[in-house]
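Results of the structural survey
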Amino acid sequence: MSDLLERLRARGWRLTPQRRVVAEVLHGDHVHFSAEVVHGLAQQRLPEISLATVYNTLNELVALGEVQEVTAGEGPKRYDPKVGERHHHLVCVRCNELLDVVPDGEDQLGLSAPEQHGYQIVDVKLLFRGICPTCRAVTA
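Report on the accompanying structure. (Residues numbered from 1 in each chain as written. Predicted model: local features only at pLDDT ≥ 70, side-chain atom pairs only at ≥ 80, totals over all residues. Heavy atoms only, no water.)

**Considerations on the side chain of His-32**
Structurally, the position occupied by His-32 is in the loop between α2 (17–25) and β1 (33–34). Given a relative accessible area of 6%, His-32 falls into the buried group. From its side chain, His-32 meets the backbone oxygen of Leu-98 in a polar contact 3.1 Å long. There is a polar contact of 2.7 Å between the side chain of His-32 and the side chain of Asp-100. Setting aside residues no more than four positions away along its own chain, His-32 makes contact with Arg-78, Tyr-79, Asp-80, His-89, Leu-98, Leu-99 and Asp-100. (Helix = DSSP H or I, 4+ residues; strand = E, 2+ residues; numbered from the N terminus. Buried < 20%, exposed > 50% of the residue type's maximum accessible area, 1.4 Å probe, protein only. Polar contact = N/O pair within 3.5 Å; in protein donor to acceptor, adjacent residues only side chain to side chain. Contact = heavy atoms within 4.5 Å.)

**Considering the state of the cysteines**
Put plainly, two cysteines are in a disulfide when a covalent bond ties their sulfur atoms together. Inspection of the entire model under this criterion finds 0 disulfides. Free of any disulfide, Cys-95 has its nearest cysteine sulfur in Cys-92, 3.7 Å distant. In this structure Cys-95 comes out as partly exposed when scored by relative accessible area, which is 43%. Sulfur of Cys-135: no disulfide; nearest cysteine sulfur belongs to Cys-132 and is 3.6 Å away. (Disulfide = S-S within 2.5 Å.)

**Remarks on helix α3 (residues 35–45)**
All of the buried residues along α3 are Ala-35, Val-38, His-39 and Ala-42. For α3, the buried positions fall inside an angular range of 100° around the axis, keeping them on one side. In this structure, the buried residues of α3 make contact with α2, β1, α4 (51–64) and β3 (78–80). (Arc of directions from axis to C-beta.)

Honestly, it's all geometry; don't read function into it.
Here's what the structure looks like:
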């Protein structure tokens, strides 16, 4: 069972067949699928699932804090089920591959008290942009 499914069960979230299949699709390392990709993968397991149901489920998961919505580079929003540990993202500016990263010295990425301007910081999202090895090899 996926981490996301376990978290949803622990919350008592009603797991309909549609919700279950969306959660199952969002399993694995470096998962950052668009709603359309989630829909296509979910249809392989549950052919009658609609794109609207996938969007509704993803929006519910985001609202619950169980999935993170990621906007990185060109293209649609993507959904990341890795919410338990703080991390950032690395995106290829050519192919849009998206990976989770935890940079060394992450604790240094915060703001000093004067830089916070009185705000209580609740979240930090950094996006590192670069060119992946595959894209570099193609242009070399």
